Amino acid sequence: MAAKIIAVVNQKGGAGKTTLTMLLAGGLGDKGKRVLVADADPQNTALHWAGMGNGFPAEVEDVSGEEGKLHKALRKRQEEFDYIVIDSPPAAAAPVTASALKAAHLALVPVIPSPLDLWASVRIREAIALARHKNPELVARLVVNQMQPNTVLAREVLGMLPEFGIPLLAASLKSRTAYRQCAALGASIHALGSRAALAVLEVDALRREVERLLRGR
Ligand SMILES: Nc1ncnc2c1ncn2[C@@H]1O[C@H](COP(=O)(O)OP(=O)(O)OP(=O)(O)O)[C@@H](O)[C@H]1O
Ligand SMILES: [Mg+2]
């Protein structure tokens, strides 16, 4: 079966695109899925992450040079993988982001629950709306990252999210040192073992929800 394509996108720098990409790709890879991380960001942070260790459970390739032709390049690779996860640059209007959204079955938009981050994310909503002219089946979800539960600010910002116009994934990621450790070790969250038990549960819940969304697509 052809790979399901997930584009991780946001205009906002530092929202957690690379972290979400690598945690999800690592989680799928650890479950035995064949996964390609298509690193479409010229900063190549995903490539650096995988290069920090041995045995990251997904292939990671620099595809930033494909620019507006990325969707065509990925279509040729779809039979080799079960999932292709695209990490994109913080640029909603870049040709590579538009091309990623053209190829994708699912767009994930990580957002930090802070008003500044939400305001800066509005342009990605426009990019997703534009992509749907050519890719009407594109499903999109916001993913709350660096969640700090039980704070007044988090409640207020979460209350603003429905106005954003993109539904929220039920699973979210808290702010955790374990996620930074994964990057430093070039690892998936499961490789950290019992040190990261809560983080493992969080990533597993996210992976399962994503798999459910993509079932039958
Ligand atoms: N849930 C989290 N817990 C702890 N640290 C996090 C979390 N999410 C992201 N970070 C940290 O925040 C910083 C920015 O995250 P990341 O690089 O994933 O964002 P990005 O959207 O890919 O950034 P860019 O726009 O520059 O590509 C990194 O130092 C990362 O380790
Ligand atoms: Mg990044």
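Because the structure is a prediction, the values reported are computed rather than measured.

Caption draft 1: Representation of the packing of aromatic side chains. Considering all chains together, one arrives at zero aromatic pairs under this definition. Lying over the aromatic face of Phe 164, Arg 125 brings its terminal NZ or CZ to 5.4 Å of the ring centre.

Caption draft 2: Structural context of the pattern of salt bridges. In total, this model carries six salt bridges according to the counting rule given. Residue Arg 34 is joined to Asp 82 by a salt bridge in which the shortest nitrogen-to-oxygen separation is 3.1 Å. On the criterion of sequence distance, the pair formed by Arg 34 in the loop between α1 (17–30) and β2 (35–39) and Asp 82 in the loop between α3 (70–77) and β4 (83–87) is long-range, its members being 48 residues apart. Arg 34 gets classed as partly exposed once you look at its relative accessible area, which sits at 39%. In this structure Asp 82 comes out as partly exposed when scored by relative accessible area, which is 24%. Its salt-bridge partner being Arg 77, residue Glu 80 comes within 2.9 Å of it at the nearest N-O pair. Connected through salt bridges with shared partners, the residues Glu 61, Arg 77 and Glu 80 form a single ionic network.

Caption draft 3: Broad picture of unusual backbone geometry. If you check the backbone angles, Asn 44 has positive phi at about 55° while not being a glycine. Residue position: Asn 44 is located in the loop between β2 and α2 (45–51). The phi torsion at Glu 67 lies on the positive side, around 45°, for a residue other than glycine. Along the polypeptide, Glu 67 turns up in the loop between β3 (59–62) and α3.

Caption draft 4: The arrangement of the layout of surface pockets in detail. Each pocket or cavity is described by its volume, and for the largest pocket that value is around 440 Å³. What lines the largest pocket is a set of 23 residues, among which Gly 14, Gly 16, Lys 17, Thr 18 and Thr 19 lie closest to the centre. Roughly 220 Å³ of internal volume is contained in the second largest pocket. The wall of the second largest pocket is formed by Ala 92, Ala 93, Ala 94, Ala 98, Lys 102, Arg 123, Glu 126, Ala 127, Leu 130, Ala 131, His 133 and Lys 134. Put simply, the parts of the chain that give the lining of the second largest pocket at least two residues each are α4 (95–103) and α6 (122–134). The biggest single contributor to the lining of the second largest pocket is α6, with seven residues. Class assignment for the residues of the lining of the second largest pocket results in seven nonpolar, one polar and four charged.

Caption draft 5: Up close: the sheet that holds strand β1 (residues 4–8). Strand order in the open sheet formed by six strands is β3-β2-β4-β1-β5-β6, with parallel pairing between adjacent strands. Among the strands making up the open sheet, the edge pair consists of β3 and β6 (139–144). Across this sheet, the average inter-strand angle for adjacent strands is 20°, counted without regard to direction. Of the strand pairs in this sheet, β2 and β3 are connected by four bridges, and their pairing is parallel.

Caption draft 6: Broad picture of the site of ligand 1. Within the structure, ligand 1 sits among 17 residues, and Lys 17, Thr 18, Thr 19, Asn 145 and Arg 180 are positioned closest to it. Take Ala 15: an N or O atom from its main chain is 3.1 Å from an oxygen atom of ligand 1. Arg 180 places a side-chain nitrogen or oxygen 2.8 Å from a nitrogen atom of ligand 1. Considering ligand 1 on its own, with 630 Å² of exposed area, one finds that the protein chains cover 81% of that surface. Counting atoms within 2 Å of the grid points, the majority share of ligand 1 lands in the largest pocket.

Thresholds, definitions, all that
- Residues numbered from 1 in each chain as written.
- Chains lettered and ligands numbered in written order.
- Predicted model: local features only at pLDDT ≥ 70, side-chain atom pairs only at ≥ 80, totals over all residues.
- Heavy atoms only, no water.
- Phe/Tyr/Trp six-rings, centres within 6.5 Å; stacked < 30°, edge-to-face > 60°.
- Lys NZ or Arg CZ within 6 Å of the ring centre and 35° of its normal.
- Salt bridge = Lys/Arg side-chain N within 4 Å of Asp/Glu carboxyl O.
- Helix = DSSP H or I, 4+ residues; strand = E, 2+ residues; numbered from the N terminus.
- Buried < 20%, exposed > 50% of the residue type's maximum accessible area, 1.4 Å probe, protein only.
- 1 Å grid on protein atoms, 1.4 Å probe; cavity = no way out; pocket = protein on both sides within 12 Å on 5 of 7 lines; lining within 4 Å.
- Points joined across faces, edges and corners; volume = space filled by probe spheres on them.
- Nonpolar A, V, L, I, M, F, W, Y, C, P; charged D, E, K, R; others polar.
- Pairing = 2+ DSSP bridges.
- Axes fitted to C-alpha atoms, helices over the stretch in contact; angles between N-to-C directions.
- Near = heavy atom within 4 Å.
- Polar contact = N/O pair within 3.5 Å; in protein donor to acceptor, adjacent residues only side chain to side chain.
- Areas by Shrake-Rupley, 256 points an atom, 1.4 Å probe, with all protein chains shown as cover.
- Sits in = over half its atoms within 2 Å of the grid points.

Purely geometric numbers; function is a separate question.
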